[in-house]
Amino acid sequence: MYTDFDIYAYLVSHHDMVFFDDEADVAVDQMNELLHYIHQFSEEDDSLEVLEEVVRRTLFDWIENSDLLGLDSDEMQAYIMEQLADARQQDSDDDE
């Protein structure tokens, strides 16, 4: 369950975001903010697998699409809520 999800294990540092070049500081701040949103918006019945899937998707999207650095906090929250809903639905479909 989500209580097993340790957000601190996923937080990134400047060293992790060097491929963002001059925007590495912004990328670190935003990625860590997104990771905190995953924890904040998780629900009691979310499995660890669902939350880890959202972390994977988020990291991949941010690495592959530097345009996401332009999102504000509200847009980042909406992004995470969408990712959580999608991962929950996928998990539900897998259970059927």
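Residues numbered from 1 in each chain as written. Predicted model: local features only at pLDDT ≥ 70, side-chain atom pairs only at ≥ 80, totals over all residues. Heavy atoms only, no water.

Caption draft 1: Broad picture of the nonpolar core. Ranked by size, the top nonpolar core spans 26 residues in total, and within it Met-17, Phe-20, Ile-38, Trp-62 and Ile-80 carry the most contacts. Listing elements by their share of this core, those giving two or more residues are helix H1 (24–41), helix H2 (48–64) and helix H3 (73–95). With nine residues, H1 is the largest single contributor of residues to this core. Excluding anything up to four places from it in sequence, Ile-80 contacts Leu-34, Tyr-37, Ile-38, Phe-41 and Thr-58. (Core = buried A, V, L, I, M, F, W, Y, C linked by side-chain atoms within 4.5 Å. Buried < 20%, exposed > 50% of the residue type's maximum accessible area, 1.4 Å probe, protein only. Helix = DSSP H or I, 4+ residues; strand = E, 2+ residues; numbered from the N terminus. Contact = heavy atoms within 4.5 Å.)

Caption draft 2: Representation of the environment of Gln-83. Secondary-structure assignment places Gln-83 in helix H3. Classification of Gln-83 by relative accessible area gives buried; the value is 11%. Separated by 22 residues in the primary sequence, Gln-83 and Asp-61 have C-alpha atoms spaced 11 Å apart. Residues contacting Gln-83, with those up to four places away along its chain left out, are Val-54, Arg-57 and Asp-61.

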